[in-house]
Amino acid sequence: MHNSSPEFALMPASPHPSDEQARALDWLTLRQVAGLGDVGAARLVEASGSLTAALASLTVAQRSSARAHATEIRQHVADVGARVLPRDHAEYPARALELHDAPVVLFARGTIASSYAPAVAIVGTRAASRYGLRVTRAIATACARAGVSVVSGLARGIDAAAHEAALAAGGRTVAVLGTGVSIHYPRSHRSLQERIAGEGLLLSELPPRESGHGGTFPRRNRIIAALADVTVVVEAGEGSGALITADHALELGRTVACVPNAIDLPSAYGSNALLKAHAEPILSPNDVLALLNLKAAPRAAPVLDDGAAQCWDALQQGATDVLSIAQRTGMAARDVSAQLSALEIEGLVSFDPTGMVRPAPGLSTGSRVG
């Protein structure tokens, strides 16, 4: 849990902009002192009685070197359109302070409100199966439409699918990075990262231009866990970073949930073991909402074009797979598959592990042709 001293216990109203910038620079300076770290910086402020006193306790050489680095970082922050959020800033995500090693400073691009509760972390393997991606999209879509922030780490596979589905549903999403907020990693996610910066929130404890290293990616998982009420592990192999996120969530007293998967799928060995040990089972997107004490809002029948409308109507009439839909509609099986894939991306249908398809929970029956 975070320190309960007066310096950190409350989130004060934002001071005058110039005072706020000066204080941010002071926190940046303290964080740049070699060997101090987040825990050391917080303890020094507590022991000294104030941030100003903590800085005054440093040697002249320490203070001079740290200030030079902090000033350079602040310029980089401005250059990339980011913001510095010291731990006593009104917009610093309060839940992150529950970490024993809460970052002294966070760097943000985007809308801070995207991190507000309720929030769910959706995490899993980079080598996701089609089933894992499908379930991820369904859960993220349902959560986003229910007003839940979707938090993940922008990695390939499960993470990216969660962010993309939340954005597609018009919801809030937060990407916690293992690099600085101006570094595109992986490079293939450049457009997704920039979209999140514009429509959601990018967060990192690293300065904007730092590329990170092997250790920074596991460390960011504690922040993902801290920001969420519930952590859902969709699919994770043994040793997966998603399991680290689950461990942090448990340490924080948060709920951990898991999606069952095939017992002979290596990418699910870790998540299935987690499910066996203590995680809440997720058998539908509504189970996640229930853990958040929320219900899916009924949705109006979708407006669909001719091919999609035919497939939708076949589902309403009892068809449950590609072949039965093709028989009812007279469409080629490959065309049915294409239409169902589009409907799945829109969050309108879901598939179970056997390939059966059904309308997503909460949709009213019927359809309208656009």
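Placed above this text is the structure.
Please read all numbers here as calculations on a predicted model, not as lab measurements.

Draft legend 1. Broad picture of the overall build of the protein. In terms of helices and strands, the protein carries 15 helices and 13 strands. Scaling as 2.2 N^0.38, a compact globule of 370 residues should have a C-alpha radius of gyration of about 21 Å, and the protein matches this with 23 Å. Taking the principal axes of the C-alpha coordinates as reference, the protein spans close to 80 × 45 × 35 Å. Across the 370 residues of the protein, 50% fall into the buried class. The long-range fraction of contacts in the protein, counting pairs at least 24 apart against all pairs at least 6 apart in sequence, stands at 71%. For the protein, the computed accessible surface area is about 16200 Å², with 53% contributed by carbon and sulfur atoms.

Draft legend 2. Local environment of helix 6 (residues 130-145). The end-to-end C-alpha separation of helix 6 is 23 Å, in line with the 22 Å expected for 16 residues at 1.5 Å each. Of the positions making up helix 6, those classed as buried are Y131, G132, R134, V135, T136, I139, A140, T141, A142, C143 and A144.

Draft legend 3. Seen up close, the packing of helix 13 (residues 306-316) against helix 15 (residues 333-345). Contact pair helix 13 / helix 15: the axes reach a minimum separation of 9 Å and the direction vectors enclose 85°. The orientation of helix 13 with respect to helix 15, classified from their angle, is roughly perpendicular. From helix 13, G307, A308, C311 and L315 reach across to helix 15, where they touch V336, Q339, L340 and L343. Tallied by class, the residues present in the contact of helix 13 with helix 15 amount to 6 nonpolar, 2 polar and no charged.

Draft legend 4. Geometry of the pairing of strand 4 (residues 149-152). Here strand 4 shows two buried faces, one formed by S149 and V151 and the other by V150 and S152. Regarding the hand of the β-α-β motif, the stretch spanning strand 3 (residues 119-124), helix 6 and strand 4 is right-handed. With 3 bridges joining them, strand 4 and strand 5 (residues 173-176) adopt parallel strand pairing. Looking across to strand 5, one finds that V151 is bridged to V174.

Draft legend 5. Quick peek at the pattern of salt bridges. Here the structure, examined in full by the defined rule, presents 14 salt bridges. The residue R209 makes a salt bridge to D79 at a minimum N-O spacing of 3.4 Å. Here the residue R209 occupies a position in the loop between strand 6 (201-204) and helix 9 (216-227), and D79 occupies one in helix 5 (residues 60-79), the gap between them amounting to 130 residues. By relative accessible area, which is 47% here, R209 ends up partly exposed.

Draft legend 6. Structural view of empty space enclosed by the protein. Within the structure shown, the criterion is met by 1 cavity of 30 Å³ or more. Estimates place the volume of the largest cavity at around 80 Å³. If you trace the largest cavity, you find it lined by R126, G153, L154, A155, R156, L177, G178, T179, Y185, P186, F217 and R220. Of the residues that constitute the lining of the largest cavity, the class distribution is 6 nonpolar, 3 polar and 3 charged.

Draft legend 7. Structural view of the packing of aromatic side chains. For the structure on display, the rule yields 1 aromatic pair. Between Y185 and F217 the ring centres are 5.3 Å apart and the planes differ by 50°, which places this aromatic pair in the tilted class. With Y185 in the loop between strand 5 and helix 8 (190-199) and F217 in helix 9, this pair connects stretches of sequence that are 32 residues apart. Classification of Y185 as partly exposed rests on a relative accessible area of 44%.

Draft legend 8. Inspection of the sheet that holds strand 1 (residues 83-86) at higher detail. Taking strand neighbours across the sheet as the criterion, the 9 strands line up as 1-2-6-5-4-3-7-8-9 in an open arrangement whose pairing is mixed. Bordering the open sheet on either side are strand 1 and strand 9 (280-281), each of which pairs with just one other strand. Relative to strand 7 (residues 230-235), strand 3 runs parallel, the two sharing 5 bridges. From the neighbouring strand, V123 faces strand 7, where its bridge partner is V233.

Draft legend 9. How the structure looks around the packing of helix 13 against helix 14 (residues 322-329). Viewed as axis vectors pointing N to C, helix 13 and helix 14 meet at an angle of 110°, and their least axial separation amounts to 9 Å. Regarding the angle of helix 13 to helix 14, the classification is roughly perpendicular. For the pair helix 13 and helix 14, contact is made by Q310, C311, A314 and L315 and by I325, R328 and T329, respectively. Along the lines of polarity and charge, the residues of the contact of helix 13 with helix 14 split into 4 nonpolar, 2 polar and 1 charged.

Calculation rules
Along each chain, residues carry numbers from 1 onward, in the same order as the chain's sequence is written. Local features in a predicted model are, by the rule used here, given only for residues with pLDDT of at least 70; side-chain atom pairs are given and counted only at 80 or more, and totals for whole chains, interfaces and linings are based on all residues. With hydrogens and water set aside, each side-chain value is computed from the structure's full complement of heavy atoms. Under the DSSP-based scheme used, a helix requires at least four consecutive residues in state H or I and a strand at least two consecutive residues in state E, with every element numbered from the N terminus. When we talk radius of gyration, it's over C-alpha atoms, and the globule rule is simply 2.2 Å times the number of residues to the 0.38. Buried residues are those whose accessible area, probed at 1.4 Å on protein chains only, stays under 20% of the maximum for their type, while exposed residues exceed 50% and partly exposed ones sit between those limits. In what follows, a contact means two residues having at least one pair of non-hydrogen atoms within 4.5 Å. Here the open area of atoms and residues is found with the Shrake-Rupley method and a 1.4 Å probe, where only the protein chains shown may cover a residue. For a helix, the expected span equals 1.5 Å multiplied by the number of residues minus one. Only C-alpha atoms enter the line fits that serve as axes; for helices the fit covers just the stretch in contact. Angles between N-to-C directions range over 0 to 180 degrees. Angular relationships are summarised with four words: roughly parallel below 35 degrees, roughly antiparallel beyond 145, roughly perpendicular across 65 to 115, and oblique for the angles in between. We call Asp, Glu, Lys and Arg charged. Ala, Val, Leu, Ile, Met, Phe, Trp, Tyr, Cys and Pro are nonpolar, and the rest, Gly among them, are polar. If the strands point away from the viewer and the path from the first strand over the helix to the second runs clockwise, then the crossover is right-handed. When DSSP finds at least two bridges between two strands, those strands are taken to pair. Salt bridge, as applied in this entry: a Lys or Arg side-chain nitrogen positioned within 4 Å of an Asp or Glu carboxyl oxygen. Note on definitions: the grid is 1 Å and covers protein atoms alone; a cavity is a set of points where a 1.4 Å probe fits but cannot get out; a pocket is an open set with protein on both sides within 12 Å along at least five of seven lines; lining residues have an atom within 4 Å of a point. Grid points are joined across faces, edges and corners, and a volume is the space filled by probe spheres set on the points. For Phe, Tyr and Trp, rings pair up if their centres lie within 6.5 Å, where Trp contributes its six-membered ring, and each pair is then called stacked (planes under 30 degrees apart), edge-to-face (over 60) or tilted (otherwise).

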